[in-house]
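The residues making up each chain are set out below.
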Amino acid sequence: MKPIYLALALLAGPAFGAGLEIQPVTDGIYALVGPLGQRSPENFGNNSTVGVVVTPKGVVLIDAGASWLGAADIDAMIDTITDQPVKVVINTGGQDHRWFGNGYWQAQGAQIITSADALADQHERFDEQMLRLNMFLHDAAQGTLAVYADTVFDTEYNLTLGGVEMQIIHPGAAHTAGDSFVWLPEAQVVFAGDIVFTERMLGVQPHSIVKDWIASFEAMAAYGPQWVIPGHGHAGPMTLASHDTYDYLVNLRRQIGALIDDGGDIYAIDTIDQSAFDYLQNAEVWKGKNAQQTFEQMEWE
Ligand SMILES: [Zn+2]
């Protein structure tokens, strides 16, 4: 860590290492699991899970973190795992916590990779995302700038570092327009970004497309991963990812499809049954919004 980052951290107040839990997954592969709730000055906006792949030639970081200080916090966590520097950063999507740390990593000389659709989404939503970050983080947002990937691909990018092969695949839209997953064939591990939420209820937002999200999940699942490292929640088996994300999305479309077929309008949205997913954190916050967004998408199909 360079002195300037330390100075910024001291100014901001919160201590590094407070927000993320290191979950070892398999040989050289880790999930850094953030809290399931909202962005805050204490977590530097890192309310998501990012991935770490340690190779003999450096670290590949899957997702940049949610702010400059959020990235510095991730860097401090990685320092406890390995002496290898971060050489490559992948932005798996256009949401703030996937790319707002880019400035920090670019300053460290890392290569930054994202899909063209994610890049377009990042450009489109930067102002809105930055406004929200400032609202949640106050001083802890300092140093965060719009810094974009230097390596951009359309649907697939193959990366090898230190003998570890990785395929970055953008199957289509999901939680955001440019979501990608990262497949490691040797380890049979997938980093799913915001295509997979576990433990907390996913959010269907105005920029999410539920129908495409289901298809993108299926494209990811077709690889048959042993481990799924989600964009939110702990790493786990495919069954967990399927239940907490895929089954939830399929249920939403099934219930709302039936409601529309019966001539129901958006005012009947509260009658759809999501009770099988009440165990997910933040369910009360998201249930109603998710149903409404999905209804608005489906009524024009
Ligand atoms: Zn997210």
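The structure presented is a predicted model; accordingly, all values stated were derived computationally and were not measured.

Trainee: Provide a residue-level description of the pairing of strand β9 (residues 164-169), including the pertinent values.
Mentor: When strand β8 (residues 156-161) meets β9, the two strands line up antiparallel, connected through 6 bridges. Each bridged residue has a counterpart across the sheet, and for Y157 the counterpart in β9 is I168. With antiparallel pairing between neighbouring strands as the criterion, β8 and β9 make up a hairpin whose turn holds 2 residues, including G162 at a positive phi of roughly 55°. Strand direction decides the pairing type here: β9 and strand β10 (residues 181-184), joined by 3 bridges, are antiparallel. Counted as the bridge partner of I168 is V182 from β10.

Trainee: Quick rundown of helix α8 (residues 283-298)? Include the residues and the values.
Mentor: Between its first and last C-alpha atoms α8 spans 21 Å; for 16 residues at 1.5 Å apiece the expected length is 22 Å, and the two agree. Within α8 the residues assigned to the buried category are A283, W286, K287, N290, A291, Q293, T294, F295 and M298. Buried residues along α8 sit against α6 (210-221) and α7 (238-261).

Trainee: Tell me about unusual backbone geometry, and name the residues and values.
Mentor: Within the chain, E199 stands out as a residue other than glycine whose phi angle is a positive 70°. Relative to the helices and strands, E199 resides in the loop between β11 (189-197) and α6. With relative accessibility at 27%, the residue E199 sits in the partly exposed group.

Trainee: Now, about the packing of aromatic side chains: what can you tell me, with residues and values included?
Mentor: This structure, assessed with the given rule, holds 12 aromatic pairs. With a centroid separation of 4.9 Å and 80° between ring planes, the pair formed by W99 and F100 is classed as edge-to-face. On the basis of relative accessible area, W99 is assigned to the buried category, the value being 0%. The interplanar angle of 50° and the centroid separation of 5.5 Å between the aromatic rings of F100 and F126 together place this pair among those described as tilted.

Trainee: Give me the coordination of the zinc ion: which residues, what numbers.
Mentor: Of the protein atoms, only Q95 (OE1), H97 (NE2), D194 (OD), D194 (OD) and H232 (NE2) coordinate the zinc ion, at distances of 2.2 to 2.7 Å. Classification of Q95 as buried rests on a relative accessible area of 7%. Classification of H232 by relative accessible area gives buried; the value is 2%.

Trainee: Mind laying out the nonpolar core, listing which residues take part and the relevant values?
Mentor: In this structure, V196 and I256 are the most contacted members of the largest nonpolar core, which totals 34 residues. Formed by 31 residues, the second largest nonpolar core is a distinct cluster that contains A71, M77, F100 and L137.

Trainee: Can you tell me about the sheet that holds strand β4 (residues 58-62), naming the residues and giving the values?
Mentor: With respect to topology, 7 strands assemble into an open sheet ordered β1-β2-β3-β4-β5-β6-β7, the strand pairing being mixed. In this open sheet, the two edge strands, each paired with only one partner strand, are β1 (21-26) and β7 (151-153). With direction set aside, neighbouring strand axes in the sheet form an average angle of 20°. The sheet contacts of helix α5 (residues 116-137) involve β6 (111-115) and β7, and relative to β6 the element is tilted by about 95°.

Trainee: Describe the packing of α7 against α8, naming the residues involved and giving the relevant values.
Mentor: Taken N-terminus to C-terminus, the directions of α7 and α8 make an angle of 60°; their axes are 10 Å apart at the nearest point. Relative to α8, the element α7 is oriented oblique. The handedness of the crossing between α7 and α8 comes out as right-handed. For the pair α7 and α8, the contacting residues are Y248, L252, R253, I256, G257, L259 and I260 in the first and K287, N290, A291, T294, F295 and M298 in the second. Tallied by class, the residues present in the contact of α7 with α8 amount to 8 nonpolar, 3 polar and 2 charged.

Trainee: Requested: an account of the environment of Q142, with residues and values cited.
Mentor: Of note, Q142 is situated in the loop between α5 and β7. The spacing of Q142 and F44 is 98 residues in sequence and 9.9 Å in space, taken between C-alpha atoms. Reaching out from Q142, the side chain makes a polar contact with the backbone oxygen of D139 at a distance of 2.8 Å.

Conventions adopted
- Residues numbered from 1 in each chain as written.
- Predicted model: local features only at pLDDT ≥ 70, side-chain atom pairs only at ≥ 80, totals over all residues.
- Heavy atoms only, no water.
- Pairing = 2+ DSSP bridges.
- Helix = DSSP H or I, 4+ residues; strand = E, 2+ residues; numbered from the N terminus.
- Expected span 1.5 Å × (residues − 1).
- Buried < 20%, exposed > 50% of the residue type's maximum accessible area, 1.4 Å probe, protein only.
- Contact = heavy atoms within 4.5 Å.
- Phe/Tyr/Trp six-rings, centres within 6.5 Å; stacked < 30°, edge-to-face > 60°.
- Donors = N, O, S within 2.8 Å, 3.2 Å for Na, K, Ca; no water.
- Core = buried A, V, L, I, M, F, W, Y, C linked by side-chain atoms within 4.5 Å.
- Axes fitted to C-alpha atoms, helices over the stretch in contact; angles between N-to-C directions.
- Parallel < 35°, antiparallel > 145°, perpendicular 65-115°, else oblique.
- Left-handed = near helix turned anticlockwise from the far one by under 90°.
- Nonpolar A, V, L, I, M, F, W, Y, C, P; charged D, E, K, R; others polar.
- Polar contact = N/O pair within 3.5 Å; in protein donor to acceptor, adjacent residues only side chain to side chain.

In short, shape yes, function no, at least from these values alone.
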